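Read off the chains here:
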Amino acid sequence: MIHSQDERLLSELRKNARASISELARILDMSRTTVQSRLQKLEHSGVIQGYSVELGRQYQESQVAAHVSIKVRQKLTAQTNNALKQINNISALYAISGEYDMIAEVEAQSLEQLSQLLDDIGNLEGVERTTSSVILETKFKR
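In this report, the structure presented in the accompanying data block is examined.

Parameters and conventions
Residues numbered from 1 in each chain as written. Predicted model: local features only at pLDDT ≥ 70, side-chain atom pairs only at ≥ 80, totals over all residues. Heavy atoms only, no water. Helix = DSSP H or I, 4+ residues; strand = E, 2+ residues; numbered from the N terminus. Expected span 1.5 Å × (residues − 1). Buried < 20%, exposed > 50% of the residue type's maximum accessible area, 1.4 Å probe, protein only. Arc of directions from axis to C-beta. Contact = heavy atoms within 4.5 Å. Phe/Tyr/Trp six-rings, centres within 6.5 Å; stacked < 30°, edge-to-face > 60°. Lys NZ or Arg CZ within 6 Å of the ring centre and 35° of its normal. Pairing = 2+ DSSP bridges. Salt bridge = Lys/Arg side-chain N within 4 Å of Asp/Glu carboxyl O.

If you check helix α6 (residues 111-122), its first and last C-alpha atoms are 16 Å apart, about what twelve residues at 1.5 Å a residue would give, namely 16 Å. Where α6 is concerned, the buried positions are Leu114, Leu117 and Ile121. An end-on view of α6 places all buried positions within 60° of arc, on one side of the element. Along its buried surface, α6 packs onto β1 (64-72), α5 (77-85), β2 (90-95), β3 (102-108) and β4 (127-135).

Following this line, the structure appears as structure tokens:
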């Protein structure tokens, strides 16, 4: 378990991972030394593994995204996972329960590119079938 101050620090970092130690200290009403120490502990313990880029709304709205449910031949699951990992347009891959084995989040710059990506996924060795759902609108994302 992490301390409530660490939870507050993580919450602020989710809002702005580039916030300075001084800014975080001011927002959280802590000393700079305390913030720095807590941040280092969170990094060393693996709670924080890295920092990432959050894409702007205008750029994201120009993208076409889809959830792709994937049924995989069980003996080829590891091979298929590795092949899917090589496709840069797949932003996340989840193992799931139910009729399908995985769901991939796919992002493309156009419907044509998305169509090609769906074909590429469907043609991978080990993929038995796919079902795609194009994302029309994101209501909220945390």
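With that settled, consider the packing of aromatic side chains. Under the definition given, this model contains zero aromatic pairs. Sitting above the plane of the tyrosine 100 ring, arginine 129 keeps its charged end 5.2 Å from the centroid.

Before going further, it helps to spend a moment on the pairing of β3. Only one face of β3 is covered, namely the one carrying Met102, Ala104, Val106 and Ala108; the face carrying Ile103, Glu105 and Glu107 has none of its residues buried. Judged from the seven bridges that link them, β1 and β3 form a sheet pairing that is antiparallel. When the sheet's bridge partners are listed, alanine 66 is paired in β3 with valine 106. With five bridges connecting them, β2 and β3 associate as antiparallel partners. Looking at the pairing, leucine 93 lines up with alanine 104 of β3. Count of turn residues in the β2/β3 antiparallel hairpin: six residues, of which glycine 98 carries a positive phi of about 110°.

Applying the stated criterion across every chain, the model contains five salt bridges. Glutamate 12 is paired through a salt bridge with lysine 15; the nearest N and O atoms lie 3.2 Å apart. Of the two residues, glutamate 12 and lysine 15 both sit in helix α1 (residues 4-15), three residues apart, roughly one turn of that helix. Residue glutamate 12 is classed as buried on the basis of its relative accessible area of 16%. For aspartate 101, the salt bridge identified is with lysine 71, shortest N-O distance 3.9 Å.

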